[in-house]
Amino acid sequence: MSTTELTKDNFDDVVADDGFVLIDFWAGWCGPCRQFEPVYEAAAERHSDLTFAKVDTETEQELAAAFEVQSIPTLTIVRDRIVVFSQPGALPESALEDLIGQARNLDMEEVRQSAAAPEDEPSGQ
């Protein structure tokens, strides 16, 4: 499966429909973005059950701002409309595979409860 171009116009449909979306925020002038692209594309081929999306930060500045992207490439993982991971930097293949495995194994009920809890309360209480 190839990657999906993610825009502010199709964002809600892609994220709502697919449930597990990896998003690569990139730009054509970015060297590390170009280095990460084949790693990301290969992972998309291996994990055809997941949605791999790309956001061109030059044309989708609003979307990049909404995700508070400060540097590129930034990889964000959204599960069930909740951001479960977001970090700048190009990942090697092994790190990306490990990250996908961790995201697959998340207990989303626990994540939802944590996301719903007030931020000013210490966790575990």
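Computed from a predicted structure; not experimentally measured.

Caption draft 1: The overall build of the protein, seen in detail. Per the secondary structure count, the protein includes five helices and five strands. Overall, the protein shows an N-to-C arrangement of helices and strands of β-α-β-α-β-α-β-β-α-α. Computed over the C-alpha atoms, the radius of gyration of the protein is 15 Å, within 12% of the 14 Å expected from 2.2 N^0.38 for a compact globule of 125 residues. Considered along the principal axes of its C-alpha atoms, the protein spans approximately 45 × 30 × 25 Å. The burial tally for the protein puts 41% of its 125 residues in the buried class. Residue pairs at least 24 apart in sequence account for 73% of intrachain contacts in the protein once pairs closer than 6 positions are excluded. One finds the centroid of the 8 positive side-chain charges in the protein at a distance of 4 Å from the centroid of its 26 negative side-chain charges.

Caption draft 2: The arrangement of the environment of D12 in detail. Examined against the element boundaries, D12 turns out to sit in helix 1 (residues 11-18). On the basis of relative accessible area, D12 is assigned to the partly exposed category, the value being 47%. The sequence separation of D12 and R81 amounts to 69 residues, and the corresponding C-alpha distance is 9.2 Å.

Caption draft 3: Structural detail: the pairing of strand 2 (residues 20-26). The buried fraction of strand 2 is high, at six of seven residues. Where strand 2 meets strand 4 (residues 74-79), six bridges bridge the pair, whose relative direction is antiparallel. Following the sheet pairing, F20 is matched in strand 4 by R79. The pairing of strand 2 with strand 3 (residues 51-56) spans six bridges and is parallel. Across the sheet, L22 pairs through a bridge with F52, a residue of strand 3. For the crossover that starts at strand 2, traverses helix 2 (residues 31-46) and ends in the parallel strand 3, the hand is right-handed.

Rules used in this analysis
Residues numbered from 1 in each chain as written. Predicted model: local features only at pLDDT ≥ 70, side-chain atom pairs only at ≥ 80, totals over all residues. Heavy atoms only, no water. Helix = DSSP H or I, 4+ residues; strand = E, 2+ residues; numbered from the N terminus. Rg over C-alpha atoms; globule rule 2.2 N^0.38 Å. Buried < 20%, exposed > 50% of the residue type's maximum accessible area, 1.4 Å probe, protein only. Contact = heavy atoms within 4.5 Å. Lys, Arg positive; Asp, Glu negative; His and termini not counted. Charge placed at Lys NZ, Arg CZ, Asp CG, Glu CD. Pairing = 2+ DSSP bridges. Right-handed = clockwise from strand over helix to strand, strands pointing away.

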